[in-house]
Amino acid sequence: MTRMIIAGMLALFAFPASAQMSDEARGVMTEIAEGLQAGDYKGITGGMVSVGGELIVEAYAPGNTAEKRHDIRSATKSITALLIGELIEDGALKSVKTKLSTILPDEFLHLPKGDARRDIRVEDALTMRTGLACNDWVPASVGHEDKMYKTDDWAAFLLSKPMAYERGKHFSYCTGGVVLLGRVIKKLSGKPVPEYANERLFAPAGIEGAKWETTPTGHTDTGGHLRLTLKDLHRLGEIVQKGGQWDGQQVVAAKWLTEATSEQTRIYERRERYGYLWWLDSGTVKGVDVSLLYAHGNGGNFIFIVPELQLVAAFTGENYGKPTQFIPNQLVAQKMVPALIN
């Protein structure tokens, strides 16, 4: 293992023989790590990359350290999906086809019998297909998350919105639906979300100090704003890459991971597809078909997994609402993947 000091920060480069990396790939990884440490990728605060389970790069931009916990924004949603899988593994949630109104009767109490909103299922929130008039990509949307954050009860805000589409038929990115899933986790597990997440996911993975935000009503914000270190993000990526295992222990059920990371719906506005709160993409690079699985949070917070290459890359960033938040996508798709394919 070689250690390099750049701009007063420590970079780690480990090129294990088992990874059989080419000189080209080594050069690309070194270039990316040096660029991160020099602050060349403005607003991207750190990156961590492994191939075949072996650490290749760990680098932090000036002013950032390995101990810093980052607001990973909507990458939180992908972690919430893992917790829903734990409920199913526990037997607390029988099926993703279960209606939210059955689990959370108090939240739906104000809606009359026969109201279409009573038919929204767990699966609909996992796939952003609740049908509610909520679209975080459109600022004018009546259900937009920025409007929700200004209210006292986020669940009541969302469920006050009319149906804009047939349930389960149309993808519409809606943070409010994932917030409802947080209440599902609390109700069915009998524990606050942070406690359940620590017990079933973080502690078995060796992740400590995760910081969740709370809503005005005291519930956990499962749609965003979870704070984790770069290493934590990368480790969660490794767990997904390894079929739910960490250190010989099955942390997340393999069956659930297969479902969560398989295509569940199309997104007509974009080329990507969607699983259960995980993004999916694919393409051909140097004649080789590769797939990309990732969690994305505003600002440049990502977990990337390329199964065919056993590549796991995590990034943190602060480019909120800017096109530069997608710099990590470019680093993975345009530099890392082509270099690793020989």
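Sequence positions are assigned chain by chain, starting from 1 and proceeding in written order. With the structure being a predicted model, the display of local features is reserved for residues of pLDDT at least 70 and the display and counting of side-chain atom pairs for 80 or more, all residues being used for whole-chain, interface and lining totals. To obtain the side-chain values, all non-hydrogen atoms of the structure were included, while hydrogens and water were left out.

Observations concerning the overall build of the protein
Each helix is a run of H or I in the DSSP string that is no shorter than four residues. Each strand is a run of E no shorter than two, and both are numbered from the N terminus. Along the backbone of the protein there are 11 helices and 14 strands. Expressed as lengths along the three principal axes of its C-alpha atoms, the size of the protein is roughly 65 × 40 × 40 Å. Contacts are assigned to residue pairs that have any heavy atoms within 4.5 Å of one another. For the protein, long-range pairs separated by at least 24 residues make up 62% of all intrachain contacts whose partners lie at least 6 apart in sequence. The protein chains shown are the only cover counted for residues, whose accessible areas, like all others here, come from Shrake-Rupley with a 1.4 Å probe. Summed over all atoms, the accessible surface of the protein reaches about 14300 Å², with 49% contributed by carbon and sulfur.

Some words on the side chain of Arg273
Position of Arg273 among the secondary structure elements: in strand E10 (residues 273-274). Relative accessibility thresholds used throughout: buried, under 20% of the residue-type maximum; exposed, over 50%; partly exposed, between the two (1.4 Å probe, protein chains only). Residue Arg273 is classed as buried on the basis of its relative accessible area of 14%. Residues adjacent in sequence count toward polar contacts only when both atoms are side-chain atoms; beyond that, a polar contact is any pair of N or O atoms within 3.5 Å, and within protein one must be able to donate a hydrogen and the other to accept it. At a separation of 3.4 Å, a polar atom in the side chain of Arg273 contacts the side chain of Ser282. When sequence neighbours within four positions are dropped, the list of residues in contact with Arg273 reads Glu263, Thr265, Arg266, Ile267, Trp278, Trp279, Leu280, Asp281 and Ser282.

Regarding the state of the cysteines
The disulfide criterion used throughout: a pair of cysteine sulfur atoms within 2.5 Å. One pass over the full model with this rule turns up one disulfide. Paired by a disulfide, Cys134 and Cys174 hold their sulfur atoms 2.2 Å apart. Between Cys134 and Cys174, the disulfide has an S-S torsion of 95 degrees and is therefore right-handed. Here Cys134 is found in the loop between helix H4 (122-126) and helix H5 (145-148), whereas its partner Cys174 is found in the loop between helix H6 (154-159) and helix H7 (175-189), with 40 residues between them in sequence. What makes Cys174 buried here is its relative accessible area of 4%.

Brief notes about the pattern of salt bridges
Here a salt bridge means any side-chain nitrogen of Lys or Arg lying within 4 Å of a carboxyl oxygen belonging to Asp or Glu. Overall, the coordinates contain 19 salt bridges when judged by the stated rule. Its salt-bridge partner being Lys68, residue Glu318 comes within 3.5 Å of it at the nearest N-O pair. A residue pair is termed long-range when its members are at least 10 positions apart, and Glu318 in the loop between strand E14 (311-317) and helix H11 (327-340) and Lys68 in the loop between strand E4 (54-60) and strand E5 (70-71) qualify at 250 residues. Assessed through its relative accessible area of 28%, Lys68 is described here as partly exposed. Between Lys99 and Asp119 there is a salt bridge, with the nearest N and O atoms lying 3.0 Å from each other. In this pair, Lys99 sits in the loop between helix H2 (75-90) and helix H3 (100-103) while Asp119 sits in the loop between H3 and H4, placing the two residues 20 residues apart along the sequence. For Lys99, a relative accessible area of 30% corresponds to the partly exposed category.

What about unusual backbone geometry?
Although it is not a glycine, Arg73 adopts a positive phi angle of roughly 50 degrees. Among the residues examined, Arg73 registers a relative accessible area of 23% and is labelled partly exposed. The backbone of Gln310 sits at a positive phi, close to 50 degrees, despite the residue not being glycine.

Overview of the pairing of E4
Counting buried positions along E4 yields five of seven residues, so the element is predominantly enclosed. By the convention used here, strands pair only if DSSP detects at least 2 bridges between them. Relative to E4, strand E3 (residues 44-51) runs antiparallel, the two being bridged by six bridges. Looking at the pairing, Met48 lines up with Glu58 of E4. Joining the antiparallel neighbours E3 and E4 is a turn of two residues, in which Gly52 adopts a positive phi near 60 degrees.

Describing the packing of H2 against H7
Running from amino to carboxyl end, H2 crosses H7 at an angle of 35 degrees, the nearest separation of the two axes being 10 Å. Crossing of H2 against H7: the hand is left-handed. Residues Lys77, Thr80, Leu83, Ile84 and Leu87 of H2 touch H7, and the partners they reach there are Thr175, Val178, Leu181, Val184, Ile185, Leu188 and Ser189. Asp, Glu, Lys and Arg are counted as charged, while Ala, Val, Leu, Ile, Met, Phe, Trp, Tyr, Cys and Pro are counted as nonpolar; the rest, among them Gly, fall into the polar class. Its residues assigned to classes, the contact of H2 with H7 comprises eight nonpolar, three polar and one charged. For every element, the axis is a line fit to its C-alpha atoms; helices are fit only across the contacting stretch, and the angle between N-to-C directions ranges from 0 to 180 degrees. The handedness criterion is simple: a crossing whose near helix is rotated anticlockwise from the far helix by less than a right angle is left-handed, and one whose near helix is rotated clockwise is right-handed.

With respect to the packing of helix H1 (residues 23-38) against H11
Helix packing for two helices is described by the angle between their axes and how far apart those axes are. Contact geometry of H1 with H11 gives a least axis separation of 7 Å together with a crossing angle of 150 degrees. Put simply, H1 runs roughly antiparallel to H11. Considering the relative orientation of H1 and H11, their crossing is left-handed. When H1 is examined against H11, the residues Glu24, Ala25, Val28, Met29, Glu31 and Ile32 are found in contact with a partner set consisting of Leu331, Lys335, Met336, Ala339 and Leu340. A breakdown of the residues in the contact of H1 with H11 according to their chemical character gives eight nonpolar, no polar and three charged. An angle below 35 degrees is read as roughly parallel, one above 145 as roughly antiparallel, one from 65 to 115 as roughly perpendicular, and any other as oblique.

Topic: the side chain of His219
On the secondary structure map, His219 appears in the loop between helix H8 (193-202) and strand E6 (227-228). Here the side chain of His219 touches Thr217 through a polar contact of 3.1 Å, side chain to side chain. Setting aside its immediate chain neighbours within four residues, His219 contacts Arg183, Lys186, Glu213 and Thr214.

Observations regarding the nonpolar core
Grouping buried Ala, Val, Leu, Ile, Met, Phe, Trp, Tyr and Cys residues that are joined through side-chain atoms within 4.5 Å yields what is termed a nonpolar core. Counting residues in hydrophobic clusters, the biggest one holds 103 residues, and the most contacted among them are Ile84, Leu126, Phe202 and Leu311. Setting aside its immediate chain neighbours within four residues, Ile84 contacts Leu93, Val122, Leu126, Leu181, Val184, Ile185 and Trp256.

Remarks on the confidence of the model for the protein
Along the chain, pLDDT gives the predictor's confidence residue by residue, from 0 to 100. The predicted model of the protein averages 93 in pLDDT, with 94% of residues at 70 or higher. The low-confidence segment residues 1-19 (pLDDT under 50) makes 47 contacts with residues lying over four places distant or belonging to another chain.

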